[in-house]
Amino acid sequence: MSSLPSSVDVAIIGAGAAGLGAANALKNSGLSTILLEARDRVGGRAYTIRAAPDVVFDVGCGWLHSADKNSFVAIAEQLNFEVDKALPPWRERAYGKAFPQDLRDEYMRALDAFYERAYEAAQKGEDAPADRYLEPGNRWNPMIDAISTYINGSELDRVSILDMEAYEDTNINWRVRRGYGALIAAYGASCPLALNCAVTRIDHSGKRVRIETSQGMLEADKVIVTVPTNLIADEAIRFFPALPEKVDAARRLPLGLADKVTLALAEPEALPKEGSLRGATMRTEMGTYHLRPFGQPCIEGFFGGRFAKALEDAGDGAIAAAAIDEIVSFLGSDFRRKLKPLTESRWAHDPFARGSYSHALPGHADKRAVLAAPVDDRLFFAGEATSPNFFSTAHGARDSGERAADEVLASQISR
Ligand SMILES: Cc1cc2nc3c(=O)[nH]c(=O)nc-3n(C[C@H](O)[C@H](O)[C@H](O)COP(=O)(O)OP(=O)(O)OC[C@H]3O[C@@H](n4cnc5c(N)ncnc54)[C@H](O)[C@@H]3O)c2cc1C
């Protein structure tokens, strides 16, 4: 780790997947670079921890989505991280009696019909809130909305139909055995970096860009900004002169909320490895549970949207408590003694994330391109929210960082 230099060619703000993508792409460019990272670690919303001696837990991203088009797959191979290609249990599996096959079939038909209506509507090119394409009165609507809180971090009423359709889902999702966060940290291991270095102001009024940080000032010719949209929207970093178009775009691409919990599971053999547990509860306020991921003695819970926010606001431990109550309601009271909270995320309360992943508000699918556009060939923007087709993902973030690095290099040549 290097301390803060007074001057670099390119400063990259944020050492998440996007910042690391940019830094890696500039490695052999001859330009001096530094990643300025507010946290005491790299990875941002990618973060693997050992929640217990026998439980590896990704607090943020866990799935290599659209794995056949995911640039982290090749990186994992290069860095000797084993990729688990078993497909997720979300669609086909549901353990126990909580969600029997006949109801699941009915629900899947309703879900697929909703996606079909949304797809047809998006083909006409007019934007609308996605909840408009729910069938009025359909009994599965609350659960379809719950799925949106997992995918978009938000209920459908705040999701743009055009943005939803722009996402490129190949339905192939893989995992990294040692953790996606661990892979992304390893990917960034050799990049020049200043940790505990929060950027507060970017002054681009002069010949060089002046960057104010919690560790003092530095100057750069070019800056790549990769912080989450909610920090730009809240003006946690101020630009001088101000960039109202960027702030507006960031506000229209808010981070929704998804939170995860891992619970230690005693007597794990009683439950299947890689199982899925959900209840046909007809509520949007529901968790979804992954039983024994990688065969580990734990259950991972996933919560999204307003429900996740309410649980976070209720205080530490509320997500684990809700998860245990719900699992007990499905599997019986014996499970209360078998389950112990290990770790839960609080992404909305994380000062350097302020949410989980971005979605476009209805009418604003175009704002991803607005946010991504360079300013004066000196300020460049990356981060998952700027990806045209893989927004909300770690590989989309990484690819956007590489794109911003290419823009920096192109701007050098055209000077
Ligand atoms: C619960 C959860 C589950 C997810 N699941 C998946 C999944 O399965 N698959 C998937 O692909 N994606 C998933 N994601 C999304 C994925 O983690 C993100 O899209 C991706 O990691 C974002 O990378 P980024 O570089 O754009 O942003 P970040 O990772 O947020 O990086 C930005 C960096 O900027 C830093 N920063 C912020 N403010 C400042 C400042 N003022 N000065 C300096 N530095 C600053 C932050 O600390 C951070 O390190 C999930 C996210 C969450 C929260």
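To start, this report covers the structure provided alongside it. None of these values were measured; they are calculated from a predicted model. All residue numbers refer to positions counted from 1 along the written sequence of the respective chain. In view of the model being predicted, local features appear only for residues whose pLDDT reaches at least 70, and side-chain atom pairs are presented and counted only at 80 or more, with totals across whole chains, interfaces and linings using the full set of residues. Side-chain metrics rest on all non-hydrogen atoms present in the structure, leaving aside hydrogens and water.

**Considerations on the site of the ligand**
Taken together, 40 residues sit near the ligand, with Glu37, Arg45, Trp63, Val199 and Ala394 positioned nearest. A distance of 2.8 Å separates a nitrogen atom of the ligand from a polar atom in the backbone of Trp63. N or O atoms within 3.5 Å of each other form a polar contact, as long as, within protein, one can give a hydrogen and the other can take it, and as long as residues adjacent in sequence are counted only when both atoms are side-chain atoms. A distance of 2.8 Å separates a nitrogen atom of the ligand from a polar backbone atom of Val199. The protein chains hide 98% of the 1,000 Å² of surface that the ligand would expose on its own. Strands are runs of DSSP state E lasting at least 2 residues, helices are runs of H or I lasting at least 4, and numbering of each runs from the N terminus. Where the shell around the ligand is concerned, the elements lending two or more residues are helix H1 (17–25), strand S14 (258–265) and helix H13 (394–413). In these notes, residues near a molecule or strand are those with any non-hydrogen atom within 4 Å of it. Residue-level accessible areas treat just the shown protein chains as cover; the underlying method is Shrake-Rupley with a 1.4 Å probe.

**Some thoughts on the environment of Ala130**
Structurally, Ala130 is set in the loop between helix H3 (101–123) and helix H4 (141–151). Residue Ala130 is classed as buried on the basis of its relative accessible area of 0%. C-alpha of Ala130 to C-alpha of Leu36: the two residues are 94 residues apart in sequence and 37 Å apart in space. Note on exposure labels: buried denotes an accessible area under 20% of the residue type's maximum, exposed denotes more than 50%, and partly exposed covers the range between, all computed with a 1.4 Å probe on protein chains only.

**Some thoughts on the nonpolar core**
The biggest cluster of nonpolar side chains holds 39 residues, and the ones touching the most others in it are Phe72, Tyr180, Ile184 and Ile224. Of all the secondary-structure elements, those providing two or more residues to this core are strand S1 (7–13), H1, helix H2 (71–78), strand S7 (174–176), helix H6 (180–187) and H13. Beyond its immediate sequence surroundings of up to four residues, Ile184 is in contact with Ala17, Leu20, Gly43, Ala46, Cys61, Phe72 and Ala394. Residue types Ala, Val, Leu, Ile, Met, Phe, Trp, Tyr and Cys, when buried and joined through side-chain atoms within 4.5 Å, form a set referred to as a nonpolar core. It only takes one pair of heavy atoms within 4.5 Å for two residues to be counted as in contact.

**With respect to the pairing of strand S9 (residues 199–203)**
DSSP bridges decide pairing: two strands pair if at least two such bridges lie between them. Taken together, the four bridges between S9 and strand S10 (residues 209–213) define a ladder with antiparallel strand orientation. By the bridge assignment for S10, Ile202 is matched with Ile211. Where S9 hands over to S10, the hairpin turn is made up of five residues, counted between the paired strands. Note: S9 against strand S12 (residues 238–240), three bridges, orientation parallel. Bridge pairing in S12 places Asp203 opposite Phe240.

**Some words on the sheet that holds strand S18 (residues 339–344)**
The antiparallel open sheet is built from five strands, whose spatial order is S15-S16-S17-S14-S18. Of all the strands in the sheet, the pair left with one neighbour each is strand S15 (275–277) and S18. When strand polarity is set aside, the average angle formed by the axes of neighbouring strands in this sheet is 25 degrees. Relative to strand S16 (residues 288–291), S15 runs antiparallel, the two being bridged by three bridges. By the bridge assignment, Ser276 is partnered in S16 with His290. Contacting S14, S15, S16, strand S17 (298–304) and S18, helix H10 (residues 318–331) runs over the sheet at an angle of about 60 degrees to S14. Simply put, an axis is a line fit to the C-alpha atoms, just over the touching stretch for a helix, and the angle between two N-to-C directions goes from 0 to 180 degrees.

**A few points about the sheet that holds S7**
Strand order in the open sheet formed by three strands is S5-S7-S6, with antiparallel pairing between adjacent strands. Two strands in the sheet have a free side with no partner beyond their single neighbour: strand S5 (63–64) and strand S6 (83–84). Inspection of the sheet shows S6 paired to S7 by two bridges, in the antiparallel sense. Looking at the pairing, Asp84 lines up with Arg175 of S7.

**Some thoughts on H2**
All buried positions along H2 are accounted for by Phe72, Val73, Ile75 and Ala76. Viewed along the axis of H2, the buried residues span an arc of 165 degrees, placing them on a single side of the element. Pointing more than 90 degrees away from the buried face of H2 are the exposed residues Glu77 and Gln78. The inward-facing, buried residues of H2 abut H1, S5, S6, S7, H6 and H13. The opening residue of H2 is Asn70, an N-cap whose side-chain oxygen sits 2.8 Å from the backbone nitrogen of Phe72. Positive phi appears at Asn80, one or two residues downstream of H2, with a value of about 60 degrees. Taken from the helix axis, the directions to the C-beta atoms give the arc we talk about.

**Concerning the environment of Leu331**
Residue placement: Leu331 occurs in helix H10. A relative accessible area of 21% means that Leu331 is categorised as partly exposed. Taking the C-alpha atoms as reference points, Leu331 and Ala98, separated by 233 residues in sequence, lie 8.0 Å from one another. Setting aside chain neighbours within four positions, we find Leu331 in contact with Tyr95, Leu271 and Leu277.

**Notes on the pattern of salt bridges**
Take a side-chain nitrogen of Lys or Arg and a carboxyl oxygen of Asp or Glu: if they are within 4 Å of each other, that pair is a salt bridge. Overall, the coordinates contain 29 salt bridges when judged by the stated rule. Between Arg45 and Glu384 there is a salt bridge, with the nearest N and O atoms lying 2.9 Å from each other. Separated by 339 residues along the polypeptide, Arg45 in the loop between strand S2 (33–36) and strand S3 (48–52) and Glu384 in the loop between strand S20 (379–381) and H13 bring together distant segments of the chain. Of the residues examined, Glu384 reaches a relative accessible area of 5% and is grouped as buried. Linking Asp221 and Arg208 is a salt bridge whose minimum nitrogen-to-oxygen distance equals 2.9 Å.

**Quick notes on unusual backbone geometry**
The peptide bond linking Phe240 to Pro241 adopts the cis configuration, its omega dihedral lying at -10 degrees. Examined against the element boundaries, Pro241 turns out to sit in the loop between S12 and helix H8 (244–252). Backbone geometry at Asn171 places phi at a positive 65 degrees, although glycine is not the residue there. Position of Asn171 relative to the elements: it lies in the loop between helix H5 (161–166) and S7. Not every positive phi belongs to a glycine, and Glu267 is a case in point at roughly 50 degrees.

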